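Letter by letter, the chains look like this.
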Number of protein chains: 2
Amino acid sequence: MHEEVIEGIEGNSETKMELTYEREWDYELDRILEIIKKKEAKTVGLQFPEGLKRRGPKIVSDIKNGVRQDVVVAISGQPCYGACDIDTHLLKRSDIFIHFGHSPMKTSDKIIYVPLYSNVEVIPIMKLALEKLENSDVNPNIGLVTTTQHWNRFEEMKEFLEQEGYTVHTRRGDERLTYEGQVLGCNYASAEVDADQVMYVGGGKFHPLGLAMVHREKKVIIADPVNNLVSIADANKFIKQRYAAIHKAMNAKTWGIVYCTKIGQGRWELVEEIIKDNENAYVITLDEITPERLLNFKLDAFVNTGCPRISTDDGPRFKKPMLTPQEYWIATGRDPLESLSFDTFHGTW
Amino acid sequence: MHEEVIEGIEGNSETKMELTYEREWDYELDRILEIIKKKEAKTVGLQFPEGLKRRGPKIVSDIKNGVRQDVVVAISGQPCYGACDIDTHLLKRSDIFIHFGHSPMKTSDKIIYVPLYSNVEVIPIMKLALEKLENSDVNPNIGLVTTTQHWNRFEEMKEFLEQEGYTVHTRRGDERLTYEGQVLGCNYASAEVDADQVMYVGGGKFHPLGLAMVHREKKVIIADPVNNLVSIADANKFIKQRYAAIHKAMNAKTWGIVYCTKIGQGRWELVEEIIKDNENAYVITLDEITPERLLNFKLDAFVNTGCPRISTDDGPRFKKPMLTPQEYWIATGRDPLESLSFDTFHGTW
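The rules behind each value
Residues numbered from 1 in each chain as written. Chains lettered and ligands numbered in written order. Predicted model: local features only at pLDDT ≥ 70, side-chain atom pairs only at ≥ 80, totals over all residues. Heavy atoms only, no water. Contact = heavy atoms within 4.5 Å. Buried area = accessible area lost by both parts, 1.4 Å probe. Salt bridge = Lys/Arg side-chain N within 4 Å of Asp/Glu carboxyl O. Polar contact = N/O pair within 3.5 Å; in protein donor to acceptor, adjacent residues only side chain to side chain. Helix = DSSP H or I, 4+ residues; strand = E, 2+ residues; numbered from the N terminus. Least-squares fit on C-alpha atoms with pLDDT ≥ 70 in both. Pairing = 2+ DSSP bridges. Axes fitted to C-alpha atoms, helices over the stretch in contact; angles between N-to-C directions. Patch = residues over 30% accessible without salt bridge, like charges linked within 9 Å, V, L, I, M, F, W, Y side chains within 5 Å. Areas by Shrake-Rupley, 256 points an atom, 1.4 Å probe, with all protein chains shown as cover. Lys, Arg positive; Asp, Glu negative; His and termini not counted. Charge placed at Lys NZ, Arg CZ, Asp CG, Glu CD. Buried < 20%, exposed > 50% of the residue type's maximum accessible area, 1.4 Å probe, protein only.

(A) Representation of the interface of chain B and chain A in the model. Taken together, the contact between chain B and chain A spans 39 residues of the former and 39 residues of the latter. When chain B packs against chain A, the two sides together hide about 3400 Å² of surface, and 57% of this comes from carbon and sulfur. Sorting the residues of chain B by area buried against chain A places His89, Arg93 and Tyr282 of chain B first, and these three jointly supply 16% of that buried surface. The interface formed by chain B and chain A holds zero salt bridges in total. At the junction of chain B and chain A, the tally comes to 18 residue pairs in polar contact (both at pLDDT 80 or more). Those elements giving two or more residues to the side of chain B that touches chain A turn out to be α2 (56–66), β2 (72–76), α3 (88–93), α8 (268–276) and β11 (281–286) of chain B.

(B) Quick look at the relation of the copies chain B and chain A. If you rotate chain B by 180° and push it 0.0 Å along the axis, it lands on chain A with an RMSD of 0.0 Å. Here the two chains are linked by the operation of a two-fold rotation axis. For chain B, the smallest separation between a C-alpha atom and the rotation axis is recorded for His89 of chain B, amounting to 4.9 Å. Both copies present the same face, since 100% of the interface residues in chain B are matched by interface residues at the equivalent positions in chain A.

(C) Structural view of the sheet that holds strand β5 (residues 141–146) of chain A. All names here are of chain A. As summarised here, the arrangement of the five strands in space is β6-β5-β7-β8-β9, forming an open sheet in which the pairing is mixed. The open sheet has two edge strands, β6 (167–169) and β9 (229–232), and neither has a second partner. For this sheet, the mean inter-axis angle between neighbouring strands, taken without regard to orientation, is 25°. Sheet topology note: the strand β8 (residues 219–224)/β9 ladder contains four bridges and is antiparallel. Counted as the bridge partner of Ile222 is Ser231 from β9. Set on the sheet, helix α5 (residues 154–163) makes contact with β5, β6 and β7 (197–201); between it and β5 the angle comes to about 160°. Sheet strands touched by helix α6 (residues 206–214): β5, β7 and β8. Its angle to β8, the strand with the most contacts, is close to 175°.

(D) Region of the structure containing a positive patch on the surface. A cluster of basic residues, Arg54 of chain A together with Lys248, Lys298 and Lys320 of chain B, forms a positive patch on the protein surface. By secondary structure assignment, the location of Lys320 of chain B is in the loop between α10 (308–312) and β13 (322–323). The partly exposed category is assigned to Lys320 of chain B, whose relative accessible area is 35%.

(E) Local environment of unusual backbone geometry. Residues and elements named next belong to chain B. Positive phi, close to 60°, is recorded for Glu28, a residue that is not glycine. Summarising the element assignment, Glu28 is placed in the segment before α1 (29–39). Exposure remark for Glu28: the relative accessible area of 22% places this residue in the partly exposed category. Of note, the phi angle at Glu40 is positive, near 50°, even though the residue is not glycine. A residue is classified by how much of its surface remains accessible, and Glu40, at 65% relative accessible area, is exposed.

(F) Fine view of the sheet that holds strand β2 (residues 72–76) of chain A. Across the sheet, which stays open at both edges, the eight strands sit in the order β4(A)-β3(A)-β1(A)-β2(A)-β11(B)-β10(B)-β12(B)-β13(B) with parallel pairing between neighbours. Of all strands in the sheet, those with a lone pairing partner are β4 (111–114) of chain A together with β13 of chain B, marking the two edges. The strands that α8 of chain B touches are β1 (43–47) and β2 of chain A together with β10 (255–260), β11 and β12 (301–304) of chain B; relative to β10 of chain B, the one it contacts most, it runs at about 165°.

(G) Just the pairing of β9 of chain A, in detail. Side-chain alternation along β9 of chain A places Leu229 and Ser231 of chain A on one buried face and Val230 and Ile232 of chain A on a second face that is also buried. Connecting β8 of chain A to the next strand, β9 of chain A, in antiparallel fashion are four residues, including Asn228 of chain A with a positive phi near 55°.

(H) The arrangement of the pattern of salt bridges in detail. By the definition in use, this model includes 36 salt bridges over all chains. Its salt-bridge partner being Lys276 of chain A, residue Asp277 of chain A comes within 3.8 Å of it at the nearest N-O pair. Of the two residues, Asp277 of chain A and Lys276 of chain A, both sit in the exposed class. For the salt bridge of Glu327 of chain B with Arg242 of chain B, the shortest nitrogen-to-oxygen distance reads 2.7 Å. Separated by 85 residues along the polypeptide, Glu327 of chain B in helix α11 (residues 325–331) and Arg242 of chain B in helix α7 (residues 236–249) bring together distant segments of the chain. Each member of the pair, Glu327 of chain B as well as Arg242 of chain B, is classed as buried.

This is the structure in structure tokens:
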């Protein structure tokens, strides 16, 4: 199935389109102002993903111009990687907390989610991506997934593929996801559909590579309307790295079991399960899980119960093997090597 | 007063003693076990300063050997720079939280402080430090300060100086401090004594440099029993850097006002005071205040209302001026340049 694989998205210059789109966001100022007034909020907290932080000060000014003078608007400076990653310190201090760029993981009276849909056209790049698909005469079944950012055009994407003769299979996934066809870096339940090819429409390689790791039996076609690129997601590099990390960790005598304190990433029951039968396993709690923060613990290997992408994407940056819980059970002999699967998150908090 | 200044502590090889001390710590295992049993704690959180984190796993094992099998002991992996810097995420999850290496900033039923006194001898290096003091015949008055780590020998230090003919002036400082003669990186109230020379007995240059910045009229003699060094603290480099940062910030149009969410470093009222009259000042909340985390905010200058040592010691690492609140008032014209003083913290939380 992977014979047509193109390594890396950036390498696929043949199918790059020379288009540029104006990237403007509607950040729903009117809705925000209305909620602040209605709730008579005195302190408003704002949280942005890294790429949008630079827009923070302007949005603060816009909000301040629309509310009473004594309203304090504060921006979280903490790194933010998803709706799982709410700045609970600022949340506590805020009457209203506005989380930009992600869809709701859990509804809350205090937390307002502003998804920030992109206005980028998706059809031109999808047209180009058709050539990577099996022809609809041969294989009419296709899965379709996207990210929050482009979800506003999900129906358009679906109709396009249908017009091309495909039967488009979509589902919402589970309760961690908000929308039909939506994927997260840690959850690809929406791609569990009756099709062996799945088109991902969205920016970057982060999501489709996760998708290719979870659904290794499926061909994942990337139609990236942000960078105007088409390619096939190839997770082989990651899978090889996982096997290497597991093998290295098989010699470990002492283990650090990392519990992530981020609100949507805590899996305490997994930590307890691991330490119960391993007297050389030490629990370490962290919010940001970085190589530097683990350096001082002189342990042979680590298990990361937080965001799985820290193991898969950042794994090689750690000085010691950084396994997922599933990989730990393989490295310590409970589970067979063949049982290796990508770690995914379900539920909210 | 500063004519005898020696630049940098490490440079002073003449007065380095070739002694080595065994560095063993009594971390009060019996007291810890007793409290866990008495409180019937199910989850115990441990927090260490960076330099002691490597000892964490061994201490976990020692504790687990002395308590019921179902007690979970977790180590905080967060950076920790003082008693102001409690890992509140782990605290919340713990029945008993043990903070190692610092003295209590605030008493609490749940937080146990284990100060970890050093067994290093202090008299040999103090003897050597005498030559940097004014003779007791000429100037008998001397202040004496130390850190928590060496406070167990404070009486011994005091008696030694008295035997040498000095009148030793000491005080507790304020409520942020636990002990007579104790200094913190952000609080030197214990050196507000009637003496124009102060001896600091302790490791490193972090504390005495802060002391020299706060009490610029005093000569600060360092007797470092850990590195076996004697020198005079010279804060001139820092003071020059502060003036340079202020001057650079005088051109700033937009400001980021950083509020630190660490439990003992929050000064919200200072933030509010600053933003009240500056519509181009944006509040940013952070736990760890690092250059990387501020890069995405395209602002001209920052004010740090958290730990003052981030401005003084790490200031040059930031791409934009990182002022203390006092320095902000100078840069924006409310206060005169001559009013520059070192930012200090008082009170607890």
